[in-house]
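Architecture and fold: a report
Residue strings, one per chain:
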Amino acid sequence: MSRQNEENRKKHSKKINEKRLREQRSESDRKAKLKLILQNLIPIRMSPNCYCGNPIPFSDCCEPYIKGIKAAPTAEALMRSRYSAYAVHAIEYLLKTTHISQRKYHSKKDIEQWATTNQWVKLEVLKATEKTVEFKAYFLDAQLQPQVHHEKSTFKQQNGHWFYVDGKFY
Ligand SMILES: [Zn+2]
């Protein structure tokens, strides 16, 4: 009798295990299918361009600089990342990448206000040299009027990091 019971118990647990395995398999099938669907949807739903206009995603372009994972290798890359920082309201980054000698002229509050009251539409880099970048930043102001900020910025490299020094405005 007890042996019978034991066998029944074994059979029963084998059945449960098989059922669990089938469920696990169908769950991983479902996940694989979902992954495929998402992979196909993402390129349609998300623009491949970075905020700065480069034809690569933000996560591969300006974001690593803004997050401090990488240092912008050129004045232009820094300028582009600063434009993206305005777009995503990364105020700390804008302060941090302003040259130390100039920080006293920029208040965090003013930068934040300038970044958040405007909607950043597009960046156009007109000319870049080793230490200067001339650009046009297109934005909508608080009244949703289209505006253009035309500037030639000067940058300085120090300890492997580029910094914004100042700009000539047009
Ligand atoms: Zn970018």
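This section reports on the structure supplied with the text. Computed from a predicted structure; not experimentally measured.

Cut-offs used in this document
- Residues numbered from 1 in each chain as written.
- Predicted model: local features only at pLDDT ≥ 70, side-chain atom pairs only at ≥ 80, totals over all residues.
- Heavy atoms only, no water.
- Donors = N, O, S within 2.8 Å, 3.2 Å for Na, K, Ca; no water.
- Tetrahedral: all angles 85-135°; square planar, octahedral: opposite > 155°, others 65-115°.
- Helix = DSSP H or I, 4+ residues; strand = E, 2+ residues; numbered from the N terminus.
- Salt bridge = Lys/Arg side-chain N within 4 Å of Asp/Glu carboxyl O.
- Buried < 20%, exposed > 50% of the residue type's maximum accessible area, 1.4 Å probe, protein only.

1. Topic: the coordination of the zinc ion
Those donors, Cys50 (SG), Cys52 (SG), Cys61 (SG) and Cys62 (SG), are the protein atoms that reach the zinc ion, and they lie 2.3 to 2.4 Å from it. One can describe the site at the zinc ion as tetrahedral: its four donor atoms subtend angles covering 104 to 113° at the metal. Between consecutive donor residues of the zinc ion, the sequence gaps follow C-x1-C-x8-C-C. Linking Cys52 in the loop between α1 (2-45) and α2 (63-66) with Cys62 in the loop between α1 and α2, this pair joins segments that are 10 residues apart in sequence.

2. A closer look at the pattern of salt bridges
All told, the structure shown has three salt bridges when counted by the stated rule. The closest approach of N and O atoms between Lys67 and Glu63, which form a salt bridge, is 3.5 Å. The exposure class of Glu63 is partly exposed, given its relative accessible area of 21%. Here Glu76 makes a salt bridge to Arg80, at a shortest N to O gap of 3.0 Å. Separated by four residues within a single helix, Glu76 and Arg80 lie in helix α3 (residues 75-88), roughly one turn from each other.

What is shown is where atoms sit, not what they do.
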